[in-house]
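# Analysis of the macromolecular model
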Amino acid sequence: MNITWIGHSALKLEGSKIVYIDPFLSGNPKASMGLANVDKADVVVVTHDHGDHLGDGYAICQKTGAVFVSFFEIAEAAAKKGLKVEMMNVGGTVVVDGVSISMVPAFHTGGLGGTATGVVVEMDCQKVYHAGDTGLTMEMKLIGEMYRPDIGFLPIDGRFNMTPRLAAKAVELLALPKVVPFHYDTFDAVKSSPEEFKNYVTGDCEVIILKPGDRYEL
Ligand code: NI
Ligand code: MN
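Residues numbered from 1 in each chain as written. Chains lettered and ligands numbered in written order. Predicted model: local features only at pLDDT ≥ 70, side-chain atom pairs only at ≥ 80, totals over all residues. Heavy atoms only, no water.

### Considering the pattern of salt bridges
Note the following rule: Any Lys or Arg side-chain nitrogen found within 4 Å of a carboxyl oxygen on Asp or Glu counts as a salt bridge. Working definition: with a 1.4 Å probe on protein chains only, accessible area under 20% of the residue-type maximum means buried, over 50% means exposed, and in between means partly exposed.
Considering all chains together, one arrives at six salt bridges under this definition. Lys211 is paired through a salt bridge with Asp214; the nearest N and O atoms lie 3.9 Å apart. Among the residues examined, Asp214 registers a relative accessible area of 23% and is labelled partly exposed. Among the charged side chains, a salt-bridge network with shared partners connects Lys12, Glu14 and Arg215.

Shown next, in the form of structure tokens:
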């Protein structure tokens with residue numbers, strides 16, 4: 001599949017289906033595309049309801065008819081807006097249009113439900129771990145063991161989630177073969193250094209540093 005880092009925590013996965021994760025486009029100063037550029041989507045996955053993650057999630061589903069996937073409280077709010085939803089929660093896996101979404105723990109807050117999650121999305125036999133916002137947690141060892149993601153996207157801003165040093169430890173716990181740092185330099189409050197992160201990563205993991213708008217072929 002092809003993965004585009006739209007900017008911040010927003011990803012677009014293109015394979016047999018088109019999947020958006022945490023599509024914060026409107027109001028995102030680093031977004032490489034806007035809502036107007038979204039013409040097709042099959043699934044929209046949201047890790048938690050902070051504005052920089054829920055973003056344009058509802059609007060993309062309204063525009064394209066995509067299925068909205070999130071945990072119970074956010075999905076319930078989406079259903080009230082008339083969207084097609086798949087509700088789930090941590091520990092579960094749902095399959096939508098052949099795309100498998102597994103919800104995994106994150107150590108963070110949120111409004112609806114009071115919590116946040118990460119997700120492992122599998123499409124065309126490839127697995128992407130999107131950590132959402134999270135601190136470093138031992139749960140990552142289990143996520144690595146039980147889902148074996150092919151690539152992980154980890155937040156490294158050091159204020160609302162992990163410092164580069166802690167994110168490098170997450171790479172080790174997750175046993176990731178490939179990792180992309182994200183969720184940094186979008187705003188002044190979240191300045192961080194992907195190079196510092198790369199220097200902390202040990203072992204065989206390939207650290208891939210992208211710019212917003214870059215498309216990576218997995
Ligand atoms: Ni958050
Ligand atoms: Mn965030």
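This is not the end of the story, as more comes after the structure.
### Digging into the coordination of the manganese ion (ligand 2)
Stated formally: Only N, O and S atoms count as donors, using a 2.8 Å cut-off from the metal and 3.2 Å for Na, K and Ca, and because water is excluded some sites may appear unfinished. Each helix is a run of H or I in the DSSP string that is no shorter than four residues. Each strand is a run of E no shorter than two, and both are numbered from the N terminus.
Bound to the manganese ion (ligand 2) are the protein donor atoms Asp52 (OD), His53 (NE2), Asp133 (OD) and His183 (NE2), situated 2.2 Å from the metal. A separation of 3.5 Å is found between the manganese ion (ligand 2) and the nickel ion (ligand 1), both of which receive a donor from Asp133. Placement of the pair is Asp52 in helix 1 (residues 51-54) and Asp133 in the loop between strand 10 (126-130) and helix 4 (139-147), with a sequence separation of 81 residues. Comparing Asp52 with Asp133, the two get one shared label, buried.

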